[in-house]
Amino acid sequence: MTTLPTERVRDGSEPAPPVTETVHWDLTYDIHLGATWGRFMAGLIDQKILATSCAVCGRVSVPPQAYCESCFEPTDDWIELPTEGVVEAYTVAQLGFTGGPKPPYAIAGIRLDGASTLLMHWLSGIDLSAAESTSDLVSRRVRAVWAPNRTGHILDIAHFVPVD
Ligand SMILES: [Zn+2]
């Protein structure tokens, strides 16, 4: 039987530590990506980064959006973007999580050439243990590195690396 912390407080004793219970979740399930993201993921198999372009305001979204986030018009125009761009934001994670990459690792917001939005992805090829190597990541040109076996998943782009 579990004693709840509030029961101990009522009788004047010290509060019990929070009640915890180890729970394990291991879920495998399919999600429907929809037509827009489905087309984007299918393009990755062929090493193509596809974006939608708004015919009204010209906003180029990657990952693609079915509707423009600026003027709310349907975005039916598809374009292929180059695999290079610029880091506009990033974070370096010093702690890992179960099933994740070994720390330190970096996640970057990358503006691909011609895009109006940022694509979030892994950034690699940089010594993240050296502080000076991460201080100038913003504005750094990077390119996508394709996974050898692509299945229509965001990790068909294995990661981005500096161009120079
Ligand atoms: Zn628009």
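Structural notes, computed from the coordinates.

### Comments concerning the coordination of the zinc ion
Taken together, the protein donors to the zinc ion comprise Cys54 (SG), Cys57 (SG), Cys68 (SG) and Cys71 (SG), at separations of 2.2 to 2.4 Å. In this structure, the zinc ion is coordinated by four donor atoms arranged in tetrahedral fashion, with angles at the metal of 98 to 126 degrees. We note that the donor set of the zinc ion lies within a single chain, spaced as C-x2-C-x10-C-x2-C. Here the residue Cys54 occupies a position in the loop between β1 (49-53) and β2 (60-61), and Cys71 occupies one in the loop between β2 and β3 (77-81), the gap between them amounting to 17 residues. The exposure class assigned to Cys54 is buried, which follows from its relative accessible area of 3%. Taking the relative accessible area as the measure of exposure, Cys71 reaches 24% and is therefore partly exposed.

### A word on a nonpolar patch on the surface
Taken together, the side chains of Val23, Trp25, Leu27, Tyr29, Ile31, Leu33 and Trp37 make up a nonpolar region of the molecular surface, amounting to roughly 860 Å² of accessible area. Within the secondary structure, Trp37 is located in helix α2 (residues 34-45).

### Considering the pattern of salt bridges
Applying the stated criterion across every chain yields a total of four salt bridges. Taken together, the salt bridges that share partners define one network made up of Glu84, Asp113 and Arg141.

### A closer look at the environment of Thr83
Position of Thr83 relative to the elements: it lies in the loop between β3 and β4 (84-93). On the basis of relative accessible area, Thr83 is assigned to the partly exposed category, the value being 26%. In this structure the C-alpha to C-alpha distance between Thr83 and Asp113, which are 30 residues apart in sequence, comes to 7.9 Å. Each residue touching Thr83, except ones within four places of it in the same chain, is listed here: Ile49, Leu112, Val142, Arg143, Ala144, Trp146 and Phe160.

### Regarding the packing of aromatic side chains
A full pass over the atoms with the stated rule returns two aromatic pairs. Relative to Trp122, the ring of Tyr105 lies with its centre 5.4 Å away and its plane at 80 degrees, an arrangement referred to as edge-to-face. In this pair, Tyr105 sits in strand β5 (residues 105-112) while Trp122 sits in strand β6 (residues 119-123), placing the two residues 17 residues apart along the sequence. Overall, Trp122 belongs to the partly exposed group, its relative accessible area being 28%.

### Digging into the environment of Asp30
Inspection of the secondary structure assignment puts Asp30 in the loop between α1 (5-10) and α2. Residue classification places Asp30 among the exposed positions, given a relative accessible area of 78%. Spatially, the C-alpha atoms of Asp30 and Thr117 are 27 Å apart, while their sequence positions differ by 87 residues.

### Considering the side chain of Ser53
Mapped onto the elements, Ser53 comes out in strand β1. The buried category is assigned to Ser53, whose relative accessible area is 14%. For Ser53, the residues in contact, after removing those within four places along its chain, are Gly58, Arg59, Val60, Thr75 and Asp77.

### Considering the sheet that holds β1
With antiparallel pairing, the three strands of this open sheet are ordered in space as β2-β1-β3. Bordering the open sheet on either side are β2 and β3, each of which pairs with just one other strand. Where β1 lies against β2, two bridges are found, and the strand directions are antiparallel. Within β2, the residue paired with Thr52 across the bridge is Ser61. Of the strands in this sheet, β1 and β3 are in contact with α2, which crosses β1 at around 150 degrees.

Parameters at a glance
Residues numbered from 1 in each chain as written. Predicted model: local features only at pLDDT ≥ 70, side-chain atom pairs only at ≥ 80, totals over all residues. Heavy atoms only, no water. Donors = N, O, S within 2.8 Å, 3.2 Å for Na, K, Ca; no water. Tetrahedral: all angles 85-135°; square planar, octahedral: opposite > 155°, others 65-115°. Helix = DSSP H or I, 4+ residues; strand = E, 2+ residues; numbered from the N terminus. Buried < 20%, exposed > 50% of the residue type's maximum accessible area, 1.4 Å probe, protein only. Patch = residues over 30% accessible without salt bridge, like charges linked within 9 Å, V, L, I, M, F, W, Y side chains within 5 Å. Areas by Shrake-Rupley, 256 points an atom, 1.4 Å probe, with all protein chains shown as cover. Salt bridge = Lys/Arg side-chain N within 4 Å of Asp/Glu carboxyl O. Contact = heavy atoms within 4.5 Å. Phe/Tyr/Trp six-rings, centres within 6.5 Å; stacked < 30°, edge-to-face > 60°. Pairing = 2+ DSSP bridges. Axes fitted to C-alpha atoms, helices over the stretch in contact; angles between N-to-C directions.

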